[in-house]
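# Analysis of the macromolecular model
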Amino acid sequence: MSTSRDFHIPRIGYGWDSHEFKLGIPLKIGGVNIPHHAGLAGHSDGDVLLHALTDALLGAIAAGDIGTYFPPSDPKWKGADSVVFVQQALKLIDEAGYQVGNVDSTVILAAPRIGPHAAAIQRKIADLLGIEPSRVGIKAKTPEGMGTDNAAIAHVVVLLCEINWP
Ligand SMILES: [Zn+2]
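Residues numbered from 1 in each chain as written. Predicted model: local features only at pLDDT ≥ 70, side-chain atom pairs only at ≥ 80, totals over all residues. Heavy atoms only, no water.

We now examine the coordination of the zinc ion. Surrounding the zinc ion are the protein donor atoms Asp17 (OD), His19 (NE2) and His51 (ND1), at 2.0 Å. Counting residues between consecutive donors of the zinc ion along the chain gives the motif D-x1-H-x31-H. Taken together, the residues span a long stretch of sequence, with Asp17 in strand 1 (residues 11-23) and His51 in helix 1 (residues 48-60) at a distance of 34 residues. Looking at Asp17, the relative accessible area reads 16%, which means it is buried. (Donors = N, O, S within 2.8 Å, 3.2 Å for Na, K, Ca; no water. Helix = DSSP H or I, 4+ residues; strand = E, 2+ residues; numbered from the N terminus. Buried < 20%, exposed > 50% of the residue type's maximum accessible area, 1.4 Å probe, protein only.)

Okay, here's the thing in structure tokens:
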């Protein structure tokens, strides 16, 4: 009878996040500055996509969530660049013996349009993760019938592979 130690299993991770739009603050999604009259308020720079990505990465190795390492109550993270959160998650993944295989994501927001920025976001996240852009899926939808036009929502799924396999 085999146990989990006998074979190599990739690991999936899932992350979700949402932030409310606030007038007159910068908008950052996926580490890219996007011109808009409103930005996302809340934890750090409000980068909803990088927060969901961080949670997906941490979830894949069952290492808690973004709040475990960067509590929103800690003033240290106010206005922080969310790239730092992704980098910390990557460090933990490396220590656990895994690397990122691919990522898929969906951002849901009424405005602005993400399409014109999708390639830049894809490149930024690929660089951050140290993988090819062809391994990073960026999709965007409008929140039809959800009543969330003043918020941005992000869902991210990641696949991790063992560093030494095959
Ligand atoms: Zn967040």
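Let's shift gears to the nonpolar core. Nonpolar side chains tend toward joint burial in soluble globular proteins. Grouped together as the largest cluster of nonpolar side chains are 43 residues, with contacts concentrated most on Leu53, Leu57 and Leu129. The greatest single-element share of this core, amounting to nine residues, is contributed by helix 1. One finds Ile66, Phe70, Ala80 and Phe85 within the second-largest nonpolar core, a separate group that totals five residues. (Core = buried A, V, L, I, M, F, W, Y, C linked by side-chain atoms within 4.5 Å.)

Right, let's get into a nonpolar patch on the surface. Residues Ile12, Tyr14, Trp16 and Val157 make up a contiguous nonpolar surface patch of roughly 440 Å² in combined accessible area. You can see Trp16 is positioned in strand 1. With a relative accessible area of 42%, Trp16 lands in the partly exposed category. (Patch = residues over 30% accessible without salt bridge, like charges linked within 9 Å, V, L, I, M, F, W, Y side chains within 5 Å. Areas by Shrake-Rupley, 256 points an atom, 1.4 Å probe, with all protein chains shown as cover. Salt bridge = Lys/Arg side-chain N within 4 Å of Asp/Glu carboxyl O.)

Before going further, it helps to examine helix 3 (residues 83-95). An ideal rise of 1.5 Å per residue puts 18 Å on 13 residues; helix 3 measures up with 19 Å between its terminal C-alpha atoms. Within helix 3 the residues assigned to the buried category are Val83, Phe85, Val86, Ala89, Leu90, Leu92 and Ile93. In the core, the buried residues of helix 3 are packed alongside helix 1, helix 2 (66-69), strand 5 (98-108), helix 4 (118-129) and strand 7 (151-162). Looking one or two residues past helix 3, Gly97 carries a phi angle of roughly 90°, positive in sign. (Expected span 1.5 Å × (residues − 1). Contact = heavy atoms within 4.5 Å.)

Here we come to the packing of aromatic side chains. According to the stated counting rule, one finds three aromatic pairs in the structure shown. Ring centres 4.3 Å apart and planes at 40° place the aromatic pair Phe70 and Phe85 in the tilted group. On the criterion of sequence distance, the pair formed by Phe70 in the loop between helix 2 and helix 3 and Phe85 in helix 3 is long-range, its members being 15 residues apart. In this structure Phe70 comes out as buried when scored by relative accessible area, which is 6%. Seen in terms of ring centroids, Trp77 and Phe85 are 5.7 Å apart; in terms of plane orientation they differ by 75°. Their pairing is edge-to-face. Taken as a pair, Trp77 and Phe85 share a single burial class, namely buried. One aromatic cluster is present, formed by Phe70, Trp77 and Phe85 through successive ring pairs. (Phe/Tyr/Trp six-rings, centres within 6.5 Å; stacked < 30°, edge-to-face > 60°.)

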